[in-house]
Amino acid sequence: MRTIHMLHSLDIKPEQPASTVRKGFKWADLVQNEEVELCVCSRDPENHKIAGHANIIDLWFGRFKDIPARLLRFEHEVRARDYNGLLDSMKKAYGKQFTEDEPVTIIVYQYKTT
């Protein structure tokens, strides 16, 4: 089972659909109903906490600036549920050099606790 690592808490309730945005296409090979682990951690490899599991609902690929607004409402980080908040979150995760022209993958999933 693959593990999706997150640098901040999951601001969602169990059984809610949620999403996470990742730079590039590393996660583009996930398939509908595939189960993944959700890990809340820091950049310190010793600090990992499995917060739950999830089943994949949908994927979207494209440039950051082309993200459909309808997908922002699922973002698991509340402050990133609008375009500017998400851009700020991506710069925090990937560095200030992250631009709106970057390719991204949006993973939409159904969250469930462990």
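Bear in mind the structure is a predicted one, so any value in this text is a computation, not a measurement.

Trainee: Teacher, can you tell me more about the pairing of strand 3 (residues 35-41) here?
Mentor: Two faces make up the sheet, and in a regular strand the side chains alternate between them. Where strand 1 (residues 3-6) meets strand 3, 4 bridges bridge the pair, whose relative direction is parallel. By the bridge assignment for strand 3, His 5 is matched with Cys 39. As paired strands, strand 3 and strand 4 (residues 48-63) are joined by 7 bridges and run antiparallel to one another. Bridge pairing links Val 36 to Ala 54 in strand 4.

Trainee: Can you walk me through the pattern of salt bridges in this structure?
Mentor: For side chains bearing opposite charge, pairing can occur when the charged atoms are close. Here the structure, examined in full by the defined rule, presents 6 salt bridges. Close ionic contact of Asp 29 with Arg 2 constitutes a salt bridge, the shortest N to O distance being 2.7 Å. Highlighted residues: Asp 29 in the loop between strand 2 (17-23) and strand 3 and Arg 2 in the segment before strand 1, separated in sequence by 27 residues. Since its relative accessible area comes to 25%, Arg 2 is described here as partly exposed. Within the structure, one salt-bridge network assembled from shared partners comprises Glu 77, Arg 79 and Asp 88.

Trainee: It is not clear to me how the sheet that holds strand 1 should be interpreted in this structure. Could you clarify?
Mentor: Hydrogen bonding along the main chain pairs the strands of a sheet, whether they run parallel or antiparallel. If you walk across this open sheet you meet the 5 strands as 1-3-4-5-2, and the pairing is mixed. Two strands bound the open sheet, and with one partner strand each, they are strand 1 and strand 2. The average angle at which neighbouring strand axes cross in this sheet is 40°, direction not considered. The pairing of strand 4 with strand 5 (residues 103-112) spans 10 bridges and is classified as antiparallel. Its bridge partner being in strand 5, Trp 60 is matched across the sheet by Ile 106. Contacts from helix 2 (residues 83-94) reach strand 2 and strand 5 within the one sheet, and its direction differs from that of strand 2 by about 55°.

Trainee: Teacher, can you tell me more about the environment of Cys 41 here?
Mentor: On the secondary structure map, Cys 41 appears in strand 3. Assessed through its relative accessible area of 9%, Cys 41 is described here as buried. With 33 residues separating them in the primary sequence, Cys 41 and His 8 have C-alpha atoms 7.1 Å apart. In this view, Cys 41 contacts His 5, Met 6, Leu 7, Asn 47 and His 48; residues no more than four positions away in its chain are not counted.

Trainee: Sorry, what's going on with the state of the cysteines here?
Mentor: By definition, a disulfide links the sulfur atoms of two cysteine residues through a covalent bond. Tallied over the full model, the rule gives 0 disulfides. The thiol of Cys 39 is not disulfide-bonded; the next cysteine sulfur, from Cys 41, is found 3.9 Å away. The exposure class assigned to Cys 39 is buried, which follows from its relative accessible area of 1%.

Trainee: How should I be thinking about helix 2 in this particular structure?
Mentor: Every α-helical turn comprises 3.6 residues, leaving residues that sit three or four positions apart pointing alike. Helix length check: helix 2 (12 residues) gives 16 Å between terminal C-alpha atoms against 16 Å at 1.5 Å per residue, within 8%. Considered for burial, the residues of helix 2 that qualify are Gly 85, Leu 86, Leu 87, Ser 89 and Met 90. If you follow the buried residues of helix 2, they end up packed against strand 2, helix 1 (69-72) and strand 5. Sitting at the amino-terminal end of helix 2 is Asp 82, which places a side-chain oxygen 3.2 Å from the backbone nitrogen of Asn 84. Trailing helix 2 by a residue or two, Gly 95 shows a phi angle of about 100°, which is positive.

What counts and what doesn't
- Residues numbered from 1 in each chain as written.
- Predicted model: local features only at pLDDT ≥ 70, side-chain atom pairs only at ≥ 80, totals over all residues.
- Heavy atoms only, no water.
- Pairing = 2+ DSSP bridges.
- Helix = DSSP H or I, 4+ residues; strand = E, 2+ residues; numbered from the N terminus.
- Salt bridge = Lys/Arg side-chain N within 4 Å of Asp/Glu carboxyl O.
- Buried < 20%, exposed > 50% of the residue type's maximum accessible area, 1.4 Å probe, protein only.
- Axes fitted to C-alpha atoms, helices over the stretch in contact; angles between N-to-C directions.
- Contact = heavy atoms within 4.5 Å.
- Disulfide = S-S within 2.5 Å.
- Expected span 1.5 Å × (residues − 1).
- Polar contact = N/O pair within 3.5 Å; in protein donor to acceptor, adjacent residues only side chain to side chain.

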